[in-house]
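Here's the letter readout for the chains.
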Amino acid sequence: MATYSTNEFKGGLKVMLDGEPCAIVENEMVKPGKGQGFARVKLRNLNTGRILEKTFKSGDTLEGADVVELEMQYLYNDGEMWYFMDPATFEQHAADEKAMADAGKWLKTEETCTVTLYNGRPLSVTAPNTVMLAVSQTDPGVRGDTAQGGTKPATLETGAVVKVPLFIEEGEIIKVDTRAGEYLGRAK
Amino acid sequence: MSRACAPVDTDAATWQPLASPERLRQRAALLTTIRRFMDARGILEVETPLLSRAAVTDPALQSFAVAVDGTPYYLQTSPEFAMKRLLAAGSGPIYQVAKVFRDNERGRWHHPEFTMLEWYRPGFSVADMLDEIDALLLALELPRSERLDYGALFQQATGCDPHCADQQTLQRRALDFGLVSRDLSRVELLDFLFSSAVMPELKDRPCAIVSDFPLAQAALARIRRGADGKPDVAERFELFIHGVEIGNGFHELADAAEQRQRFQADQAERGRRGLAQRPLDENLLAALTAGLPDCCGIAIGLDRLLMQVSGAGRIDDVLAFPVERS
């Protein structure tokens, strides 16, 4: 793997720190007028998602991490693992529950999402920022309440539960923001 | 140096300036105020060469080397050496507003060329100099500075005494503050802890001057011997505005032999770090031998000062054209 010097640290670069793959979020130069320069770096541990703040002497190096992000198609889940296919190579990859985190509840078959591979194995899966899903269960709205902007829970076809306006009915397709877990609107 | 911090050039045409017209006016007003202030106090404005046959030896400062008719020259990292030659020649109090150049410095607060205000006061004690800095702050409608002791601040922020803590103690504290690199020298550990542990404590103070640095960070300052069990300290002081380093000053070292020793120690350190050796400024050493009047001096980064008075978030916001658009 290549090594990177502090002046090559930039947002998105994947590096190894203490044996863990990390993504650089931010790099700020810290240097007194008469003194040693440092790179103050914010990194995200790709295993745990934790944000770390570390400082390196200018010119220090880190080894690159064998991490790639690929757009893959979600195939199915066998109750234990989630299976994805790389549309370029037709290669299949299985992600465990830890790699899926919250992403699983937004995915229906054939959805395209970002799979991060570390040493060839799925490390994390990111659902698309917005998805279109059908409402499989929700209580009927109460007439006249719409002006109040009230909400009710709705269970979607993937099992996710989101708050929706009272006028949404079962069977409707809605657009959802997966990062906030919020209803955005009816499908047009 | 950090490319992560480099400005994102949008689709806007790159011939256009980045600083707003308002910021350009604020820069002009800042220069006018400074020149009036210096003039009223009888401090003479001078100009010295940007190009020099000699270069600064400080291992933390990287000069740009340029060829002039095939002969190597260096762009100054500060006008200090030439101004001290004027002082030794009897110039009396002098100031200069000059462009200075430092390689490997690019970031939110750093730009490879920047504008420095530097002034010297023969016969001034450190206390006199700090009072004059306060007078300039007032002229710029900034509050008077809070005076802080380096040792006390450092002790409070890190629990270590910067004057006598051993290297292992400093190294352990540095790990607590997120340092990854190993094999740092004592002075590098002090630089790290000051930047990472002490400077954040200065954020809430509008103007602060930190004085009496550890000997390892003396740079070009005189040493004051400690009495009554107090440590020896370097008579160096730094101005911070809301936790950002704005200026660095010294009770200037005038001893030619000691200056030569510090240059040579710098060269040895440059060797250890794999940096190129620098031609020593023999003209400065000769001027010190002839006699530099007892004096204090300070260098202030005007771009950063302008950032702090105008609320700019990054140095690019106060430059007509940052280097990426030069």
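For clarity, every value in this text was computed on a predicted model and none was experimentally measured.

Q: Just checking my understanding: could you explain the interface of chain B and chain A for this structure?
A: When the parts come together, some accessible area is lost, and that loss is often what is quoted as the size of the interface. The interface is formed by 34 residues belonging to chain B together with 27 residues belonging to chain A. Between chain B and chain A, the buried area comes to about 2,500 Å², and carbon and sulfur atoms account for 54% of it. At the boundary of chain B with chain A, the tally comes to 4 salt bridges. Between glutamate 80 of chain B and lysine 34 of chain A there is a salt bridge; the shortest N-O distance is 3.9 Å. Where chain B meets chain A, there are 13 residue pairs in polar contact (both at pLDDT 80 or more). Sorting the residues of the side of chain B that touches chain A by element identifies helix 6 (186–198) and strand 11 (244–251) of chain B as the ones contributing at least two each.

Q: I keep staring at the UniProt feature "domain: Translation elongation factor P/YeiP central" (unreviewed entry) in chain A and nothing clicks. Help me out?
A: Those residues carrying the UniProt feature "domain: Translation elongation factor P/YeiP central" (unreviewed entry) are residues 69–123 of chain A in this numbering. Each end of residues 69–123 of chain A is marked by a C-alpha atom, and these two atoms are 10 Å apart; helix forms 7% of the span and strand 49%.

Q: Explanation requested: a negative patch on the surface in the structure shown.
A: All names here are of chain A. Taken together, Asp78, Glu80, Asp96 and Glu97 make up a surface patch of like negative charges. Note on placement: aspartate 96 falls in the loop between strand 9 (92–95) and helix 1 (97–100). For aspartate 96, a relative accessible area of 37% puts it in the partly exposed group.

Q: Hey, could you run me through the UniProt feature "modified residue: N6-(3,6-diaminohexanoyl)-5-hydroxylysine" (unreviewed entry) in chain A in this one?
A: Following the UniProt record, the feature "modified residue: N6-(3,6-diaminohexanoyl)-5-hydroxylysine" (unreviewed entry) maps to Lys34 of chain A here. Examined against the element boundaries, lysine 34 of chain A turns out to sit in the loop between strand 3 (20–30) and strand 4 (38–45). With sequence-adjacent residues up to four places away left out, lysine 34 of chain A is seen in contact with Asp58, Glu80, Asp191, Ala219, Arg236, Asn248 and Phe250 of chain B.

Q: Before we go on, may I ask you to explain the UniProt feature "domain: Aminoacyl-transfer RNA synthetases class-II family profile" (unreviewed entry) in chain B in this structure?
A: Under the local residue numbering, the UniProt record ascribes the feature "domain: Aminoacyl-transfer RNA synthetases class-II family profile" (unreviewed entry) to residues 24–322 of chain B. Each end of residues 24–322 of chain B is marked by a C-alpha atom, and these two atoms are 13 Å apart; helix forms 36% of the span and strand 23%.

Q: Help me out: how do you make sense of helix 9 (residues 302–310) of chain B in this one?
A: Turn by turn, an α-helix covers 3.6 residues, leaving residues three or four places apart pointing in a common direction. The element helix 9 of chain B is extensively covered by neighbouring structure, given that 7 of its 9 residues are classed as buried. Count one or two residues on from helix 9 of chain B and you reach glycine 311 of chain B, which has phi positive near 70 degrees.

Q: Help me understand the environment of asparagine 283 of chain B in this model?
A: Residue and element names in this part refer to chain B. Mapped onto the elements of the fold, asparagine 283 is located in helix 8 (residues 282–291). With a relative accessible area of 43%, asparagine 283 lands in the partly exposed category. Residues asparagine 283 and alanine 265 lie 18 residues apart in sequence; the distance between their C-alpha atoms is 19 Å.

Q: Just to check I follow, could you spell out the nonpolar core for this structure?
A: Residue and element names in this part refer to chain B. Tyr150, Phe154, Leu170, Leu179, Phe194 and Val210 are the most contacted members of the largest nonpolar core, which totals 48 residues. Those elements that place two or more of their residues in this core are helix 2 (80–88), helix 4 (150–158), helix 5 (167–176), helix 6, strand 8 (207–213), strand 10 (233–241), helix 7 (256–272) and helix 8. Looking at this core, the element that brings in the most residues is helix 6, giving 7 residues. If we skip the residues at most four places from it in the chain, tyrosine 150 touches Pro162, Leu190, Phe194, Val210, Ser211, Asp212, Phe213, Pro214 and Gln217. One finds Tyr95, Ile133, Ile241 and Leu306 within the second-largest nonpolar core, a separate group that totals 37 residues.

Conventions used here
- Residues numbered from 1 in each chain as written.
- Chains lettered and ligands numbered in written order.
- Predicted model: local features only at pLDDT ≥ 70, side-chain atom pairs only at ≥ 80, totals over all residues.
- Heavy atoms only, no water.
- Contact = heavy atoms within 4.5 Å.
- Buried area = accessible area lost by both parts, 1.4 Å probe.
- Salt bridge = Lys/Arg side-chain N within 4 Å of Asp/Glu carboxyl O.
- Polar contact = N/O pair within 3.5 Å; in protein donor to acceptor, adjacent residues only side chain to side chain.
- Helix = DSSP H or I, 4+ residues; strand = E, 2+ residues; numbered from the N terminus.
- UniProt positions renumbered as here; feature names shortened; annotations may be inferred.
- Patch = residues over 30% accessible without salt bridge, like charges linked within 9 Å, V, L, I, M, F, W, Y side chains within 5 Å.
- Areas by Shrake-Rupley, 256 points an atom, 1.4 Å probe, with all protein chains shown as cover.
- Lys, Arg positive; Asp, Glu negative; His and termini not counted.
- Charge placed at Lys NZ, Arg CZ, Asp CG, Glu CD.
- Buried < 20%, exposed > 50% of the residue type's maximum accessible area, 1.4 Å probe, protein only.
- Core = buried A, V, L, I, M, F, W, Y, C linked by side-chain atoms within 4.5 Å.

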